[in-house]
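# Remarks on the overall topology
Here's the letter readout for the chains.
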Amino acid sequence: MDLEDTLLMMPGPVPVAPRVLRAMSRPMINHRGKEFSAMFDDCTTMLKEIFQTENDLFTISGSGTASMEAALGCTIDKDDKVVTIENGKFGERFKDIAARYGQVVPVECEWGTSVDLDVVEEKLAEGAKAVTMVHNETSAGIRNPALEVGMLAKKYGALFIMDGVTSIGGDDVKVDEWGVDIAVVGSQKCIAAPPGLSMLSVSERAFEAMNKENLPYYLDLKAYQKSAAKSQTPYTPAVPLFFGLQEALKIVMEEGMDARIKRQATGAAAVRAAMDAIGIEMFPQLNATSAYSSTVSAMKSPEGVDSNDIKNGMMDKGIIIAGGQNRLSGKIFRIGSMGNVAPKDLMMTIQHLELVFRNLNVINEMGAGTEAAAKVFDTL
Ligand code: PLP
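Residues numbered from 1 in each chain as written. Predicted model: local features only at pLDDT ≥ 70, side-chain atom pairs only at ≥ 80, totals over all residues. Heavy atoms only, no water.

### Looking at the packing of helix α2 (residues 34-51) against helix α10 (residues 239-255)
The description of two helices packed together rests on the angle between their axes and the distance between the axes. Quick note on the threshold: Axis lines are fitted to C-alpha atoms, over the contacting stretch for helices. Their N-to-C directions set the angle, which ranges from 0 to 180 degrees. Per the convention used, a helix needs a DSSP run of H or I reaching at least four residues, while a strand needs a run of E reaching at least two, with both numbered from the N terminus. To sort the angles, those under 35 degrees are grouped as roughly parallel, those over 145 as roughly antiparallel, those from 65 to 115 as roughly perpendicular, and the leftovers as oblique. Take the far helix as your reference; a near helix turned counterclockwise from it by less than a right angle gives a left-handed crossing, and one turned clockwise gives a right-handed crossing. In what follows, residue pairs with any heavy atoms lying within 4.5 Å of each other are defined as contacts. Residues are sorted three ways: Asp, Glu, Lys and Arg are charged, Ala, Val, Leu, Ile, Met, Phe, Trp, Tyr, Cys and Pro are nonpolar, and all the rest, Gly among them, are polar.
For the pair α2 and α10, interaxial distance at closest approach is 10 Å and the crossing angle is 40°. In this view, α2 runs oblique relative to α10, as classed from their interaxial angle. α10 is crossed by α2, and the crossing has left-handed handedness. Contacts between α2 and α10 involve Phe36, Met39, Phe40, Asp42, Cys43, Met46, Leu47, Glu49 and Ile50 from the first element and Phe242, Phe243, Leu245, Gln246, Leu249, Lys250, Val252 and Met253 from the second. Looking at the contact of α2 with α10 residue by residue, the class counts come to 13 nonpolar, one polar and three charged.

### Digging into the sheet that holds strand β5 (residues 130-134)
Backbone-to-backbone hydrogen bonds join strands into a sheet, with any given pair of strands oriented parallel or antiparallel. Selection rule: We call two strands paired when DSSP finds no fewer than two bridges between them.
Ordered by their spatial adjacency, seven strands build an open sheet running β2-β10-β9-β8-β5-β3-β4, and the pairing between neighbours is mixed. At either end of the open sheet lies a strand with only one pairing partner, and these are β2 (56-61) and β4 (103-108). The mean angle between the axes of side-by-side strands here comes to 20°, regardless of whether they run parallel or antiparallel. Here β2 pairs with strand β10 (residues 197-202) via six bridges, running antiparallel. Within β10, the residue paired with threonine 59 across the bridge is methionine 199.

### Considering the pattern of salt bridges
Stated precisely, the cut-off is as follows: The salt bridge definition used is simple: a Lys or Arg side-chain nitrogen within 4 Å of an Asp or Glu carboxyl oxygen.
This structure, assessed with the given rule, holds 15 salt bridges. A salt bridge links glutamate 121 to lysine 155; its shortest N-O distance comes to 2.7 Å. In this pair, glutamate 121 sits in helix α5 (residues 117-125) while lysine 155 sits in helix α6 (residues 146-155), placing the two residues 34 residues apart along the sequence. A network of salt bridges, in which partner residues are shared, links Arg19, Glu247 and Glu254.

### Considerations on the domain arrangement of the protein chain
Put simply, the test is: Note that the domain bounds reflect an automated or database-derived domain assignment. Once two parts are put together, the accessible area they lose, assessed with a 1.4 Å probe and summed over both, is termed the buried area. Contacts described as polar in this section are N or O atom pairs within 3.5 Å, which, within protein, must combine one atom able to donate a hydrogen with one able to accept it, while residues neighboring in sequence count only if both atoms come from side chains.
Split into domains, the protein chain comes out as domain 1 (3-12 + 256-377) and domain 2 (18-253). Computed from C-alpha atoms alone, the centre-to-centre distance between domain 1 and domain 2 is 27 Å. Facing the 30 residues of domain 1 at the interface are 33 residues of domain 2. Approximately 2600 Å² of surface area, both sides summed, lies buried where domain 1 meets domain 2, with 52% of it carried by carbon and sulfur atoms. For domain 1, the biggest contributors to the area lost against domain 2 are Met257, Thr289 and Arg327; these three give 19% of the whole. There are one salt bridge connecting domain 1 and domain 2. For glutamate 92, the salt bridge identified is with arginine 327, shortest N-O distance 3.6 Å. Here domain 1 and domain 2 share 18 residue pairs in polar contact (both at pLDDT 80 or more) between them. Of all the secondary-structure elements, those providing two or more residues to the side of domain 1 that touches domain 2 are α11 (257-278), β11 (291-292), β12 (296-300) and β14 (332-336).

Right under this line is the structure:
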């Protein structure tokens, strides 16, 4: 199948606008010259608005995981305790990274269930240098309680390190208001730039906590801070990706964050309405402090159906959705509503999903899901 004919509806990488691709094909520039610095400043200003922060903000040439590692590698020393909240694969990744640098105090909730804030508080009360949480757990389609965890971190004097890889740029993320000391985003998700860059905001408190003897080298955030004062990066940045990022951020600004948040949330609501109409159950089990993600929806595979068959059936039709990761493989399937995804993309995805379900004998007739999604989009 021609790649240009496929529709990427997974939770990142997401489709990139043609003008972003064109921006990336510009001739190279001097990364120590004025042109790069102007682009660097422009990107930083737009990112701070999206992060809703006045903290320092850096762009690392490396995917989201690089910034997750920078956050922990710079702040956590071998005897430091880190409370790691986990209810999906990326919470587990934060735990695994934390274990390389310090002492993990895990709060392990079953993947797809809500975070137990009482247990988080209990662990923080015993004393910890930091707490990590994934705001939008992509693997499970859950939005975790960032405001509440920020309050707990403040109460017990711990740093709040938040993975906003699939929420920042798609959801209303208030880094300063919530007291997030380090917040991380990936370029290939809600911002709809190509993969390869990650951006993170770092509070003054987080810098003060970087008092270990050996900071990482490439991921030394103090080095990023020093270079940012000259509108540069410490090492040669991925210049074409910066071109793409700048253009993608301009698209975000042109749409406006309020409209962008609403469009992505409406997309996820349309998916949920469609699934309900078809009789497919959502995967997350929510309590009062968590919510369905508005950038990715995770659904249980119907009884007796391997979700890989749903994913492969969609792929045959040219639409790429995601299955379950690790222990969730075969059990769930996921549809992204992040980035610049338009209602027409989701309508086409839902229609084809109905076709795949009909072919798998899950439903007899098509149309109920499409109709339900259309009603949600009518509210836009
Ligand atoms: N955190 C979350 C919530 C993610 O969804 C992802 C990727 O899907 C990551 C971290 C890892 O990001 P990357 O693959 O860019 O390193």
